[in-house]
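Here is how the chains run, residue by residue.
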Amino acid sequence: MLDKLQALADRYEKLSELLCDPDVANDTKKLREYSKEQSDLQESYEAYMEYKTVSEQLDAAKAMQNEPLDAEMRELVKMEVEELSGRKTELEEKIKVLMLPKDPNDDKNVIVEIRGAAGGDEAALFAGDLYRMYTKYADTQGWKVEVLDSSLNDLGGFKEVIFMVNGKGAYSKLKYESGAHRVQRIPTTESGGRIHTSTSTVAVIPEAEEVEIEIKESDIRVDTFCSSGAGGQSVNTTKSAVRVTHVPTGIVATCQDGKSQNSNKDQAMKVLRARIYDKFLQEEQAKYADERKSKVGTGDRSERIRTYNFPQSRVTDHRIGLTLHRLDSVLNGDMEEIVSALTIATQAELMDKGE
């Protein structure tokens with residue numbers, strides 16, 4: 001591992017030289033490419049540099065223990081050795097995690113699709129709760145949320161809502177949210193006070209760049225129609241809503257929340273490109289599904305991943321057995337404990353496999 005870390009450090013320092021080269025500074029493509037590569041290496045580089053410094057200081061402190069010292073100085077040196085040993089161990093664990101294979105999509109923006117599933121109006125209301133939870137969480141991360149398409153029910157919930165989350169690391173934190181989310185509560189429409197169970201599904205898809213997914217103009221069909229609101233009623237008389245179909249795969253994307261037909265088409269193309277990319281991604285992952293079953297799920301969108309129990313103010317993530325008794329704060333965007341636990345479970349599994 002030390003050889004790998006030294007090679008990483010050499011590359012980081014070489015990139016620093018390249019970024020100071022006037023030829024690179026004048027080449028936008030190379031500048032962006034090298035800057036991103038260096039940014040990806042920075043945390044590992046800094047951890048390794050600190051590790052080297054701490055190791056040298058620890059060796060020096062241990063050497064001092066073999067010298068004739070008075071009692072006070074010997075105690076100070078002993079404390080320094082203990083402190084440096086602890087820090088070295090912490091850095092070793094951190095570096096092990098940093099050196100794990102990185103998901104190439106982790107730094108990408110994401111498109112999140114939430115749909116009310118089993119439970120009718122109650123499922124749609126819960127879909128609205130999930131949308132609010134994710135937007136609140138995005139605020140805590142400094143990410144920007146943009147609704148691409150939505151379909152309301154008569155009670156103000158979402159039959160479906162599709163939105164983009166723009167921000168560094170959005171996919172790395174939200175990718176574990178794909179799956180079926182279950183809610184247990186007494187619906188406002190329930191007169192007998194009985195607890196009902198409903199579900200909504202979430203799909204988190206990494207945004208695909210045009211260079212990753214090339215869509216030929218001849219392969220798409222564009223239809224326009226009047227946008228509609230809750231209950232299906234038309235909300236305007238101009239055909240600003242856009243439906244884009246990728247004929248070879250049959251994948252469809254619709255957008256009606258923009259102010260113009262052109263903006264809706266642009267947004268629909270983002271969704272279409274991401275869905276096509278996701279299709280290929282899911283197919284690739286399916287090839288290795290039997291070999292690589294993750295503790296946090298296979299990514300199957302039908303898999304039940306979490307339950308939100310209102311009577312007990314309880315949230316349970318079934319993949320890692322995590323239960324929190326603070327439902328209100330989670331639904332208000334306080335999700336970091338869940339996200340961190342899922343990330344740690346994935347890292348632990350990779351380390352166990354020696355990857």
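Placed above this text is the structure.
As the structure is a prediction and not an experimental result, all values here were calculated from the model.

Engineer: A description of the pattern of salt bridges should follow, citing residues and the corresponding values.
Structural biologist: In total, this model carries 21 salt bridges according to the counting rule given. The partner of Arg 275 in a salt bridge is Glu 113, and the shortest N-O contact between them spans 2.6 Å. With Arg 275 in helix α7 (residues 261-287) and Glu 113 in strand β1 (residues 110-116), this residue pair connects regions lying 162 residues apart in the sequence. Side by side, Arg 275 and Glu 113 carry an identical accessibility label, which is buried. In this structure, Glu 336 and Lys 173 form a salt bridge, with 2.9 Å as the shortest nitrogen-oxygen distance. One end of the pair, Glu 336, is in helix α9 (residues 336-353); the other, Lys 173, is in helix α6 (residues 170-174), with 163 residues separating them in the sequence. A relative accessible area of 22% places Lys 173 in the partly exposed class.

Engineer: Lay out the packing of aromatic side chains with the relevant residues and their values.
Structural biologist: Enumeration according to the criterion identifies five aromatic pairs in this entry. Seen from their ring centres, Tyr 12 and Tyr 45 are 4.0 Å apart, and the 15° between their planes marks the pair as stacked. With Tyr 12 in helix α1 (residues 2-19) and Tyr 45 in helix α3 (residues 28-64), this residue pair connects regions lying 33 residues apart in the sequence. Taken individually, Tyr 12 and Tyr 45 each receive the classification buried, so the pair is uniform in this respect. Seen from their ring centres, Phe 126 and Tyr 308 are 5.3 Å apart, and the 65° between their planes marks the pair as edge-to-face. Of the two residues, Phe 126 is situated in helix α5 (residues 121-141) and Tyr 308 in strand β9 (residues 304-309); the sequence distance between them amounts to 182 residues.

Engineer: Before we move on, can you summarise the sheet that holds strand β7 (residues 241-246) with the specific residues and values?
Structural biologist: Remark on secondary structure: sheet strands pair via backbone hydrogen bonds, oriented parallel or antiparallel. Spatial ordering of the open sheet is given by β6-β7-β8, a layout of three strands whose pairing is antiparallel. Looking at which strands have only one partner, the edges of the open sheet turn out to be β6 (220-225) and β8 (251-255). The sheet shows a mean angle of 15° between the axes of neighbouring strands, direction not considered. Where β7 and β8 come together, five bridges link them in antiparallel fashion. The residue bridging Val 244 from the neighbouring strand is Ala 253, located in β8.

Engineer: Give a description of helix α4 (residues 71-98) that names residues and reports values.
Structural biologist: Here α4 contains 28 residues, and its C-alpha end-to-end distance of 40 Å stays within 8% of the 40 Å for a straight helix at 1.5 Å per residue. Among the residues making up α4, those that are buried are Val 77, Val 81, Leu 84, Leu 91 and Ile 95. Turning to α4, the residues buried within the fold contact α1 and α3. Structurally, the start of α4 carries an N-cap: the backbone nitrogen of Glu 72 is 3.2 Å from a side-chain oxygen of Asp 70.

Procedures and definitions
- Residues numbered from 1 in each chain as written.
- Predicted model: local features only at pLDDT ≥ 70, side-chain atom pairs only at ≥ 80, totals over all residues.
- Heavy atoms only, no water.
- Salt bridge = Lys/Arg side-chain N within 4 Å of Asp/Glu carboxyl O.
- Helix = DSSP H or I, 4+ residues; strand = E, 2+ residues; numbered from the N terminus.
- Buried < 20%, exposed > 50% of the residue type's maximum accessible area, 1.4 Å probe, protein only.
- Phe/Tyr/Trp six-rings, centres within 6.5 Å; stacked < 30°, edge-to-face > 60°.
- Pairing = 2+ DSSP bridges.
- Axes fitted to C-alpha atoms, helices over the stretch in contact; angles between N-to-C directions.
- Expected span 1.5 Å × (residues − 1).
- Contact = heavy atoms within 4.5 Å.
- Polar contact = N/O pair within 3.5 Å; in protein donor to acceptor, adjacent residues only side chain to side chain.

Purely geometric stuff here, so don't read any function into it on its own.
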